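Commentary on secondary and tertiary structure
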Amino acid sequence: MVAKQAEARNSSMSSLIQITVNGLSESVSPSATLADLIELFQEMDHDLIVEHNGRFVFPQDYAATRVAPSDRVEFIHPNFGG
Amino acid sequence: MLTEDETRRYSRQIALPEIGVEGQHRLAAGRVLMVGLGGLGSIVAYYLTAAGVGYLKLIDRDKVTLENLNRQILHTTADLGRFKTESASEKLGRLNPHCRIEAVHAAIVDENVEDLLDDCTVIVDATDNRATRLVLNKVSVRRHVPFVYGGISGWEGMTSTFIPGSTACFSCLFPSPAETADEPSPPVLGPTAGLIASIQCLEILRLLVGAPPQLAGRLLRFSGSITAFHMLQINRNPHCRVCGGQTG
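First things first, this report covers the structure right here in the doc. None of these values were measured; they are calculated from a predicted model.

Some points on the sheet that holds strand E5 (residues 147-153) of chain B
All names here are of chain B. In space, the eight strands of this open sheet follow the order E3-E2-E1-E4-E5-E6-E7-E8, with mixed pairing throughout. What marks the edges here is a single partner per strand, and that holds for strand E3 (100-105) and strand E8 (228-233). Across the sheet, the mean angle separating the axes of adjacent strands is 15° when strand polarity is ignored. With four bridges connecting them, strand E1 (residues 31-35) and strand E4 (residues 122-125) associate as parallel partners. Looking at E4, one finds that Met-34 is bridged to Val-124. Strands strand E2 (55-60) and E3 of the sheet are contacted by helix H5 (residues 84-95), whose axis makes an angle of about 170° with E3.

Right, here's the structure in full:
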């Protein structure tokens, strides 16, 4: 996991891309997938909602969805209180 | 037929073109299953009763405790130690004698949910845990009854309306099969509960009068820490283990 995180964030300084994660600018590998980002940012809630460029992403698609420069990713935690 | 008293009581909402006399009759014929009489349930129950929904079946298993009273405005200090169902029936009966309130002191589980749903046409989630929501979602899908979800945590809240056969279901949004034990109680704030519950009420009233629900297939999130709303389209998940992502 550590190796994947390092790859997602630092594959090589020159090839990093800028994306926005939960409103903050982040540098990540151009090969990073949403699954990688979930590990990288330690968003392990099994009820996590992932929004990618304004679209809801199904969990089965996390591993195949790569981010591109300027993408916006939101990790949304469920509200289950009442 | 509405009595003269009812016509006056509801006149300010009958004046809305989306409701009118016909809509008020539909509300009077409405049968709603409401699960949970806490922060969300207090508001939903009050507004549905005030609006003249004809029959409310209220389910809750808890007694009123002191730490409920920062937000659960259906209950008062004098109700401490009483069953919430009992406290709620009393207040709602006083609010509007034209509504039939049936309060059931029970926990909702797979084994009793079919009987409790009976012929209700809307399911309202005012619970405080994921496990009960999973039970409600399954019966919603199985019986094709719309399910209005609401949840809060601290300054944040979210709500959505699931229409079986037409939109995503609760398990499309939260697909994990994990049956978690009761989560630790999150911090909660009265106005956040009030706001999310009020939006749930708007959806329920729309469903009952036959107006299109605005949160069908959409998740509305509210952040009270920055006072902002955010809408997200939720599509049916073809891998959903409950609805299978199927249409109609």
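Remarks on H5 of chain B
Residues and elements named next belong to chain B. Along its twelve residues, H5 runs 16 Å from first to last C-alpha, staying within 8% of the 16 Å computed at 1.5 Å per residue. Listed in full, the buried residues belonging to H5 are Lys-84, Thr-85, Ser-87, Ala-88 and Leu-92. One side of H5 carries all its buried residues, which in axial view fall inside an arc of 160°. Against the buried residues of H5 lie helix H4 (39-51), E2 and E3.

Let's talk about the sheet that holds strand E2 (residues 24-28) of chain A
All names here are of chain A. Read across the open sheet, the five strands follow the order E2-E1-E5-E3-E4; overall the sheet is mixed. The open sheet has two free edges, formed respectively by E2 and strand E4 (55-57), since each of these has just one partner strand. In this sheet, neighbouring strand axes are inclined to one another by 35° on average, regardless of whether the strands run parallel or antiparallel. As paired elements, strand E1 (residues 17-21) and E2 share five bridges and run antiparallel to each other. Across the sheet, residue Ile-17 finds its bridge partner in E2, namely Val-28.

Here we look at the pairing of E1 of chain B
Looking along a regular strand, one sees side chains alternate from face to face of the sheet. Residue and element names in this part refer to chain B. Most of E1 is tucked away, with four of its five residues classed as buried. Bridge analysis of E1 against E2 gives five bridges, and the strand direction is parallel. Considered in E2, the bridge of Leu-33 is made with Lys-57. A crossover links E1 with its parallel partner E2, the connecting element being H4, and its sense is right-handed.

Remarks on the interface of chain B and chain A
Contacts between chain B and chain A engage 31 residues on the former and 14 residues on the latter. Broken down by secondary-structure element, the contributors of at least two residues to the side of chain B that touches chain A are H4, E5, strand E6 (156-162) and E8 of chain B. Among the residues forming the side of chain B that touches chain A, the class breakdown is twelve nonpolar, 14 polar and five charged.

Section: unusual backbone geometry
Of note in this structure, Ser-70 of chain A is not a glycine but carries a positive phi near 75°. Exposure remark for Ser-70 of chain A: the 10 C-beta atoms within 10 Å place this residue in the exposed category. Positive phi outside glycine occurs at Thr-227 of chain B, with the angle close to 50°. Residue placement: Thr-227 of chain B occurs in the loop between strand E7 (218-223) and E8.

Basis of the calculations
Residues numbered from 1 in each chain as written. Chains lettered and ligands numbered in written order. Predicted model: local features only at pLDDT ≥ 70, side-chain atom pairs only at ≥ 80, totals over all residues. Pairing = 2+ DSSP bridges. Helix = DSSP H or I, 4+ residues; strand = E, 2+ residues; numbered from the N terminus. Axes fitted to C-alpha atoms, helices over the stretch in contact; angles between N-to-C directions. Contact = placed C-beta atoms within 7 Å. Expected span 1.5 Å × (residues − 1). Buried ≥ 20, exposed ≤ 12 C-beta atoms within 10 Å, placed from the backbone. Arc of directions from axis to C-beta. Right-handed = clockwise from strand over helix to strand, strands pointing away. Nonpolar A, V, L, I, M, F, W, Y, C, P; charged D, E, K, R; others polar.

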